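# Structural characterization, general
The chain contents come next:
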Amino acid sequence: MDTITLGDVEITRVVEVAPRGLPRGFIFPDVAPEHWRAHESWLAPEFLDPAADEIRTMIQTWLLRSEGRTILIDTGIGNDRERPGMPAFHHLHTNYLGELAAAGVRPEDVDLVICTHVHGDHVGWNTSWADGEWRPTFPNAEYLLPRVDFDYWNPENGHRTRSGPRMTNVFEDSIAPVHRAGQAVLWEGDHYDVDARLRVEPAAGHTPGSSVVRLRSGTDRAVFVGDLMHSPLQIVEPDACPCFDEDESRARVSRRRVLGEAADEGALLIPAHFPGASAAEVRRDGERFAVKEWAAWR
């Protein structure tokens, strides 16, 4: 298990789907190939496969132990889902709970699940199929969800969304059941304090309710940014947007703001889908940013 300790908080990476390649032109249709070629020397091979013209990505979640509580940031894709709009997620079956067990955590041990946003690869293990219905996977946990996303993706509200078919069944099988069970906490406003070391803050754009989780413990700082970035290219080219962003203009503003704050306070930037070292310290580079140092896990 990849683990790092920042202040009094232990962070463990829990992998659901190992690194794989996805078509660059599909994920970033509006980013010109020359932007990738300009940074190929350090993006390849970990984050970019130039020969296959693919970016490399993975599905992982973050297990935190803070103030005596066991906390998950995001829950991946989940098993046995009907995902007609996302073939890679359709009827997927992984050993995610086994990986969690290898980290010493049973479902009943989880105290809090923080969903950075409502997308199918971040909320899937919120629930599991049991006795003919979807039930909360973590029976003793509260599920912290941004109210804005809850309302936006709720089919009853009839919103027309950019993601469209990709979100088919996600709310129904991964969000509604935890709400019905009384385990959902719908947060709103400019922040939500999880404890003295962890705070959730809005970073809208990828979805209307996209959020980041800030860690401040002792002199250590980190920020879990969810899908604010899908490739390290977006550190050096922060205006680059993937096809998954609901509102690209707001996503660019959020990305630049969070990158600037991370650079200024020396925070470890921890995105959801970077393979390899997965997390990095960043520094300002004029109007852009650059990788200062990649994380060292043990």
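Anyway, here's the lowdown on the structure attached to this text. Think of each chain on its own: its residues are numbered from 1, step by step along the sequence as written. Totals for whole chains, interfaces and linings use all residues, but because this is a predicted model, local features are given only for residues with pLDDT of at least 70 and pairs of side-chain atoms are given and counted only at 80 or more. Remark: hydrogens and water are excluded; side-chain values derive from all non-hydrogen atoms of the structure.

## Regarding the overall build of the protein
- Here a strand is any run of E in DSSP of at least two residues, a helix any run of H or I of at least four, and the numbering for each starts at the N terminus. Of the regular secondary structure elements, the protein holds eight helices and 17 strands.
- For a compact globule of 298 residues, the expected C-alpha radius of gyration is about 19 Å, and the protein comes in at 18 Å, within 12% of that figure.
- By principal-axis analysis of the C-alpha atoms, the protein measures approximately 55 × 45 × 35 Å.
- For the purpose of charge, His is not counted, nor are the chain termini; Lys and Arg are scored as positive and Asp and Glu as negative. Where a charge lies is defined by one atom per residue type, namely NZ (Lys), CZ (Arg), CG (Asp) and CD (Glu). The positive charge centre, built from 31 side chains, and the negative charge centre, built from 48, are 2 Å apart in the protein. We compute the radius of gyration over the C-alpha atoms and compare it with the globule rule, which gives 2.2 Å times the number of residues raised to the power 0.38.

## A look at empty space enclosed by the protein
- Definitions used for this entry: grid spacing 1 Å over protein atoms alone; cavity, a set of points where a 1.4 Å probe fits but cannot get out; pocket, an open set with protein on both sides within 12 Å along at least 5 of 7 lines; lining residue, one with an atom within 4 Å of a point. Grid points are joined across faces, edges and corners, and a volume is the space filled by probe spheres set on the points. Summed over all chains, the structure comprises one cavity of 30 Å³ or more.
- Of the voids in this model, the largest cavity is the one considered here, and its volume is about 40 Å³.
- What lines the largest cavity is simply Thr116, His117, Ala203, His206, Ser210, Ser211, Val225, Asp227 and Leu228.

## Considering the environment of Pro238
- Mapped onto the secondary structure, Pro238 falls in the loop between helix H7 (233–236) and helix H8 (248–265).
- Whether a residue is buried, partly exposed or exposed follows from its accessible area with a 1.4 Å probe, protein chains only, as a fraction of its type maximum: under 20%, in between, or over 50%, in that order. What makes Pro238 buried here is its relative accessible area of 1%.
- Once the C-alpha coordinates of Pro238 and Pro271 are considered, the two residues, 33 residues apart in sequence, prove to be 14 Å apart.
- Note on contacts: a residue pair is in contact if any heavy atoms of the two residues lie within 4.5 Å. In contact with Pro238, not counting residues within four places along its chain, are Arg252, Arg255, Arg256, Leu259, Arg288 and Phe289.

## Topic: H8
- The first and last C-alpha atoms of H8 sit 26 Å apart over 18 residues, in line with the 26 Å expected at 1.5 Å per residue.
- The inward-facing, buried residues of H8 abut strand E13 (211–217), strand E14 (220–226), H7, strand E15 (268–271), strand E16 (280–285) and strand E17 (288–294).
- Whenever a nitrogen or oxygen atom comes within 3.5 Å of another N or O atom, the pair is scored as a polar contact, on the condition that within protein one atom can donate a hydrogen and the other can accept it, and that pairs from neighbouring residues in sequence are kept only if both atoms are in side chains. Measuring from the backbone nitrogen of Ser249 back to the side-chain oxygen at the start of H8 gives 3.3 Å, which picks out Asp247 as the cap. Working rule for helices: expected span equals 1.5 Å times residues minus one.

## Comments concerning the environment of Ser41
- Tracing the backbone through its elements, the reader meets Ser41 in helix H3 (residues 40–43).
- When its relative accessible area of 70% is taken as the criterion, Ser41 is described as exposed.
- Sequence separation between Ser41 and Val15 is 26 residues, and the spatial gap between their C-alpha atoms is 26 Å.

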